[in-house]
Amino acid sequence: MNLYPLLRPLLFSLDPETAHEVTLKLLNAAHASGLSKLIYPAIEDKPVRLMGLEFKNPVGLAAGLDKNGDYLDSLAALGFGFVEIGTVTPRPQPGNPKPRLFRLPEHQAIINRMGFNNHGIDHLLAQVKQSRYTGILGINIGKNFDTPIENAVDDYLIGLRKAYSSASYVTINISSPNTKNLRQLQQGDEIKSLISALKEEQLKLQQEHGKYVPLVLKIAPDLTTDEINHIAKLLLEFEIDGVIATNTTIARDMIAGHPLAHEMGGLSGAPVKDKSTAVVRELTAELNGRCPIIAAGGILSAADAQEKIAAGASLVQIYSGLIYKGPQLVEDIVKSL
Ligand SMILES: Cc1cc2nc3c(=O)[nH]c(=O)nc-3n(C[C@H](O)[C@H](O)[C@H](O)COP(=O)(O)O)c2cc1C
């Protein structure tokens, strides 16, 4: 039963951040009452084996919607093949001042400058422990806004150590445009030393825990071809387990003239699709199947997801599409793949 077309006008009449909170609370209530089983019948399995993990289907929830793991069970009930929570930082932080989230329905797009608002990794891990979710769980880690960029690796190491035993995979987010200088970590020697430190730690943790947890790097759609090639070489050199392409874009040419185009932050949804797909294509050419690609960016239909797979992705993730199309999108994509 697709209730979203009825619900969407109501939600879109609220300011975006309130709508976000209301939706998640509704989802929790529907789940707790058992109603979500009626509204969202189970989606058929389309298993994918990747990074040593078994995904029940190739459609995941992208990071940022459930930053604290507060809605894990309810979101999983929508039929995702995997759920990524976070970005979470070592210490809690409030994020940027409001307003920091904008809807651009004319473009099926969102601009956000949330700035990693989250309750800290200890809270997230407690939520994961409490949840009943047994599917593939990605924990996406970042750095606190007040950790100097030259010490960023310390925050990622804290995140990796803490998340290791609870995560199916850990995502290193160095591509949010809303934390000052964060994207600088995607370049030159900075990315090399970050990846090398995290890989070393991953192997230590593997020994300690007797379990291998894959490391995935999440990159921006605004990288040059040289930067993408540099990252691809490092992914192979350090045997990083996967790459997510992409985060939101700082470009605005696709929405030029829109009254909200000047708002600072990351643009997602339909306008980022082609840019993200181009990154997937360039990665595919460089990686040659040796490091799996998870595509995110502007997937609003089954055809959009197919385009990502055709470009070389093995899995897809959605965020803005869920806001514009509702949970039916998950089933539509799974069926089509
Ligand atoms: C409101 C909002 C918050 C986001 N927060 C995060 C985040 O905390 N960490 C992250 O890695 N990506 C974050 N993203 C990026 C998404 O995970 C995704 O990579 C991007 O939006 C492109 O996919 P889409 O076009 O389907 O939204 C956020 C996106 C939105 C719209």
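Residues numbered from 1 in each chain as written. Predicted model: local features only at pLDDT ≥ 70, side-chain atom pairs only at ≥ 80, totals over all residues. Heavy atoms only, no water.

1. Points about the pairing of strand β7 (residues 136–141)
Right, on to step 1. Counting buried positions along β7 yields six of six residues, so the element is predominantly enclosed.
Right, on to step 2. Going residue by residue along β7, you find Ile 136, Gly 138 and Asn 140 tucked away on one face and Leu 137, Ile 139 and Ile 141 tucked away on the opposite face as well.
Right, on to step 3. In this structure, strand β4 (residues 82–88) lies alongside β7, joined through six bridges in parallel fashion. Counterpart to Gly 86 in the pairing with β7 is Asn 140.
Right, on to step 4. With four bridges joining them, β7 and strand β8 (residues 169–173) adopt parallel strand pairing. The residue bridging Gly 138 from the neighbouring strand is Tyr 169, located in β8. (Buried < 20%, exposed > 50% of the residue type's maximum accessible area, 1.4 Å probe, protein only. Helix = DSSP H or I, 4+ residues; strand = E, 2+ residues; numbered from the N terminus. Pairing = 2+ DSSP bridges.)

2. Thoughts on a nonpolar patch on the surface
Right, on to step 1. On the surface, Leu 7, Leu 10, Leu 14, Val 22 and Leu 26 cluster together into a nonpolar patch covering about 380 Å² of accessible area.
Right, on to step 2. Those elements giving two or more residues to the nonpolar patch turn out to be α1 (4–12) and α2 (16–32).
Right, on to step 3. Mapped onto the elements of the fold, Val 22 is located in helix α2. (Patch = residues over 30% accessible without salt bridge, like charges linked within 9 Å, V, L, I, M, F, W, Y side chains within 5 Å. Areas by Shrake-Rupley, 256 points an atom, 1.4 Å probe, with all protein chains shown as cover. Salt bridge = Lys/Arg side-chain N within 4 Å of Asp/Glu carboxyl O.)

3. Some remarks on the pattern of salt bridges
Right, on to step 1. Within this structure, the stated rule accounts for 13 salt bridges.
Right, on to step 2. Between Arg 49 and Glu 54 there is a salt bridge, and its shortest N-O distance comes to 3.2 Å.
Right, on to step 3. Note on Glu 54: relative accessible area 44%, which makes it partly exposed.
Right, on to step 4. As a salt-bridge pair, Glu 263 and Arg 113 come within 3.0 Å of each other at their nearest N and O atoms. Here Glu 263, found in the loop between β10 (242–245) and β11 (266–269), pairs with Arg 113, found in the loop between β6 (109–112) and α5 (121–130); they are 150 residues apart in sequence, far enough to count as distant. For the pair Glu 263 and Arg 113, one class covers both residues: buried.
Right, on to step 5. Among the ionic contacts, a cluster of salt bridges with common partners joins Glu 17, Lys 98 and Arg 100.

4. Some details on the layout of surface pockets
Leftover empty space is mapped by rolling, across the atoms, a probe with the size of a water molecule.
Right, on to step 1. The volume enclosed by the largest pocket comes to roughly 820 Å³.
Right, on to step 2. If you go around the largest pocket, you meet 49 residues; those closest to its centre are Ala 63, Gly 64, Leu 65, Lys 67 and Tyr 319.
Right, on to step 3. Secondary structure elements with two or more residues in the lining of the largest pocket: α2, β4, β6, β11, β13 (315–318) and α11 (320–325).
Right, on to step 4. Split by residue class, the lining of the largest pocket holds 16 nonpolar, 25 polar and eight charged. (1 Å grid on protein atoms, 1.4 Å probe; cavity = no way out; pocket = protein on both sides within 12 Å on 5 of 7 lines; lining within 4 Å. Points joined across faces, edges and corners; volume = space filled by probe spheres on them. Nonpolar A, V, L, I, M, F, W, Y, C, P; charged D, E, K, R; others polar.)

5. Digging into the nonpolar core
Right, on to step 1. Of all hydrophobic cores here, the largest spans 74 residues; its most connected members are Ile 139, Tyr 156, Ile 172 and Leu 283.
Right, on to step 2. Those residues in contact with Ile 172, other than ones at most four positions away along the chain, are Ile 141, Tyr 156, Leu 194, Leu 198, Leu 215, Val 216, Leu 217 and Lys 218. (Core = buried A, V, L, I, M, F, W, Y, C linked by side-chain atoms within 4.5 Å. Contact = heavy atoms within 4.5 Å.)

6. Quick word on the sheet that holds β7
Right, on to step 1. In spatial order, the strands read β3-β4-β7-β8-β9-β10-β12-β13; together these eight strands close into a barrel with parallel pairing. Averaged over neighbouring strand pairs, the angle between their axes works out to 25° when direction is ignored.
Right, on to step 2. The strands that helix α12 (residues 328–336) touches are β3 (59–61) and β13; relative to β13, the one it contacts most, it runs at about 165°. (Axes fitted to C-alpha atoms, helices over the stretch in contact; angles between N-to-C directions.)

7. What about the side chain of Thr 89?
Right, on to step 1. Structurally, Thr 89 can be placed in the loop between β4 and β5 (101–104).
Right, on to step 2. There is a polar contact of 2.7 Å between the side chain of Thr 89 and the backbone oxygen of Arg 91.
Right, on to step 3. For Thr 89, the contacting residues outside a window of four places in its chain are Phe 116, Asn 118, Gly 120, Ile 121, Gly 142, Lys 143 and Asn 144. (Polar contact = N/O pair within 3.5 Å; in protein donor to acceptor, adjacent residues only side chain to side chain.)

8. Digging into the site of the ligand
Right, on to step 1. Residues in close proximity to the ligand total 23 residues, the closest being Ala 63, Thr 87, Gly 269, Gly 298 and Ser 320.
Right, on to step 2. One nitrogen or oxygen atom from the side chain of Asn 140 is found 3.0 Å from an oxygen atom belonging to the ligand.
Right, on to step 3. Separating an oxygen atom of the ligand from a side-chain N or O atom of Ser 320 is a distance of 2.6 Å.
Right, on to step 4. A total of 610 Å² of accessible area belongs to the ligand in isolation, and the protein chains cover 97% of it.
Right, on to step 5. The cavity where the ligand resides is the largest pocket.
Right, on to step 6. Secondary structure elements with two or more residues in the shell around the ligand: β4, β6 and β11.
Right, on to step 7. Split into classes, the residues belonging to the shell around the ligand amount to seven nonpolar, 14 polar and two charged. (Near = heavy atom within 4 Å. Sits in = over half its atoms within 2 Å of the grid points.)

9. Quick notes on the sheet that holds β11
Right, on to step 1. Spatial strand order, β5-β6-β11: three strands in an open sheet with antiparallel pairing. Two strands bound the open sheet, and with one partner strand each, they are β5 and β11. Averaged over all adjacent pairs, the angle separating strand axes in this sheet is 20°, with direction ignored.

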